[in-house]
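# Structural features, examined
Residue-level listing of the chains:
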Amino acid sequence: QVQVEESGGGLVQAGGSLRLSCAASGSIFSINAMGWYRQAPGKQRELVAIITSVGSTNYADSVKGRFTISRINAENTVYLQMNSLKPEDTAVYYCAAFLTTSTTRLNGDYWGRGTQVTVSS
């Protein structure tokens, strides 16, 4: 069993900052990448940022220069520092871990339940 749990969402005014945290635990052999996705009402889920085990990152164009993803490999933890938040950043933010399980040695993606981020204008 693998668990992925996010924390750190909330309500913030435009221009403010929030930091999201995500931890993966359980039967994990290795994690290849961890990422943050978001889904706004009536819209499809989209990639926000992703980081690989060697530290390579990729960001959505809409968050470049404002959001920073970081990771502590030894703790299977990933963070998303969000600055200069805009109302259009309002969404449920999901953490995903792309990993190999220690039980089956199969690759798979595991998702958290999401955390709400609301940016007021």
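See above for the structure.
Now for a description of the structure that goes with this document. Since the structure is predicted, the reported quantities are computational estimates derived from the model, not experimental observations. (Residues numbered from 1 in each chain as written. Predicted model: local features only at pLDDT ≥ 70, side-chain atom pairs only at ≥ 80, totals over all residues. Heavy atoms only, no water.)

## Quick look at the sheet that holds strand β1 (residues 2-7)
Hydrogen bonds between backbone atoms are what pair the strands of a sheet, whose relative direction is either parallel or antiparallel. The strand order β1-β3-β8-β7 describes an open sheet built from four strands, whose pairing is antiparallel. The open sheet is flanked by β1 and β7 (67-72), the only strands paired with a single partner. Strand-to-strand twist across the sheet, computed as the mean angle between neighbouring axes with direction ignored, equals 15°. In the sheet, β1 pairs with strand β3 (residues 18-26) via six bridges, with the strands oriented antiparallel. If you follow E6 over to β3, its bridge partner there is C22. (Pairing = 2+ DSSP bridges. Helix = DSSP H or I, 4+ residues; strand = E, 2+ residues; numbered from the N terminus. Axes fitted to C-alpha atoms, helices over the stretch in contact; angles between N-to-C directions.)

## Topic: the pairing of strand β8 (residues 77-82)
Of all six residues that make up β8, five are buried, and the element is covered over most of its length. The pairing of β7 with β8 spans six bridges and is antiparallel. Residue S70 lies in a different strand from β8, and its bridge partner there is Y79. What sits between β7 and β8 in their antiparallel hairpin is a turn of four residues, with N76 showing a positive phi close to 50°. (Buried < 20%, exposed > 50% of the residue type's maximum accessible area, 1.4 Å probe, protein only.)

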